[in-house]
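Here's the letter readout for the chains.
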Amino acid sequence: LLPKRASAATRGAMSDDALFDARNNFHLGHYQGAITDATNAAPRNDAQQLERDVLLYRAYIEQGKATVVTMEINDSSPPALRAVRLLAQYKSGDESARQAAVASLRELLTEVPPASDTHLSAVAASIFCHEQDYAEALRCVHQGQSLEQLALVSHAYVAMHRTDLAEKQVALMQKQDDDATLTQLANAEALIAKGSGHQEACNIYQDLAEKYGPSPLLLNNMATCHLALGRAEEAEQCLQEALGKNPSDPSTIANLVVCLQHLKKTPEMVARYITQLRADQPRHPWAEAYATLERNFDRAAAQGAAEAPRAPRSPSAARAQGCGRADGGLCGEALAFAGRSPLSAVIEALAAQS
């Protein structure tokens, strides 16, 4: 499909804004394109120079190249860039490094109020969203007027299950620029959160993919919509395409695990992707949640084995009582997963949480 022509308003913004392409590619998940556009951009003033650097370094972080960021940004850099360095440390470090980054961010925000710096407030809110500290994220951006600040407010409300408030933020964004990529993405997220707007959200992602090209981010979002609508085959196609664009993207791999489970693929195929995700991205939220559920399952199974009746029982009788093991012991937390493998039990628990 040929990309659609942008609207007159969008074409005007593109011609007047030296960073339009870099900003647009970043929010769409085209991170290499954002890096290229930011590098080639010609900022007209110090404000555009700062925004260019923020976009450039954030794109490097999303590519997993945090070292570039931490080596080039120092303590004398502007506050917004120091926040970007903390974001790099947060996303590339272990739990202690993440908590140290959050503590440093709080100190930075006492020095420079987030309301005084658009880019600082957006980066700070992003870190707090990763922390699931949505109240603190809202404190950073609730007074902002930029589309990214409004989008972050909407995202925080969605995460807090306040879809009604998220929709109000989307309405503000639509008044400012209905055709903007961030407005479309925020609208799609709010539609999904409602639980009844998956098809409309899917149409938005498809339209953006036709205009600007499919990215792993857009393809993952489309797959989410397809899966919610019962179209697992279409979801798999999107995820396989996303995997072709970035074979190591952890969100694609995690979503593919859940999708393949819905398609009843072989345990060996599913386990292969789980192994890859846990080896390459052990701190990814899905991998951490999987490890937690796996430990809970093993603990419940061990407890059931310790309390098992001594009399031998057949495997079929054991399963009939609600345990997937042959020794007849009750599985406690694993009781809901009767007759399924531990792998399936853990994956289905994760799918239920998502």
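Source: prediction; values computed, not measured. (Residues numbered from 1 in each chain as written. Predicted model: local features only at pLDDT ≥ 70, side-chain atom pairs only at ≥ 80, totals over all residues. Heavy atoms only, no water.)

A. Quick look at the nonpolar core. Membership of the largest hydrophobic core comes to 49 residues, with the highest contact counts inside it found for V69, V84 and I127. In this view, V69 contacts Y57, Y60, I61, V84, R85 and A88; residues no more than four positions away in its chain are not counted. Membership of the second largest hydrophobic core comes to 36 residues, among which are A223, C238, Y273 and A287. (Core = buried A, V, L, I, M, F, W, Y, C linked by side-chain atoms within 4.5 Å. Buried < 20%, exposed > 50% of the residue type's maximum accessible area, 1.4 Å probe, protein only. Contact = heavy atoms within 4.5 Å.)

B. Fine view of the layout of surface pockets. Counted as a void, the second largest pocket has a volume near 410 Å³. Forming the boundary of the second largest pocket are 22 residues, of which R23, H27, E51, L147 and L182 lie nearest the centre. Elements supplying a minimum of two residues to the lining of the second largest pocket: α1 (8–16), α2 (20–28), α4 (46–62), α8 (118–130), α10 (147–159) and α12 (181–194). (1 Å grid on protein atoms, 1.4 Å probe; cavity = no way out; pocket = protein on both sides within 12 Å on 5 of 7 lines; lining within 4 Å. Points joined across faces, edges and corners; volume = space filled by probe spheres on them. Helix = DSSP H or I, 4+ residues; strand = E, 2+ residues; numbered from the N terminus.)

C. Representation of the confidence of the model for the chain in the model. Of the residues in the chain, 82% have a pLDDT of 70 or more, and the chain-wide mean is 85. Below a pLDDT of 50 lies the segment residues 1–9, which in the model reaches 11 contacts outside its immediate sequence neighbourhood of four places, other chains included. Counted against residues more than four places away or in other chains, residues 313–349, with its pLDDT under 50, gives 63 contacts. (pLDDT = per-residue confidence, 0-100.)

D. Up close: the pattern of salt bridges. For the structure shown, the criterion picks out 17 salt bridges. Where R98 meets E95, a salt bridge forms, and the shortest distance between an N and an O atom there is 2.6 Å. With R98 and E95 both in helix α7 (residues 95–111), this residue pair falls three residues apart, about one helical turn. A relative accessible area of 10% places R98 in the buried class. On the basis of relative accessible area, E95 is assigned to the partly exposed category, the value being 41%. K211 is the partner of D207 in a salt bridge, and the nearest nitrogen-oxygen pair spans 3.7 Å. Taken as a pair, D207 and K211 lie in helix α13 (residues 198–212) at a separation of four residues, close to a single helical turn. Residue K211 is classed as buried on the basis of its relative accessible area of 17%. (Salt bridge = Lys/Arg side-chain N within 4 Å of Asp/Glu carboxyl O.)

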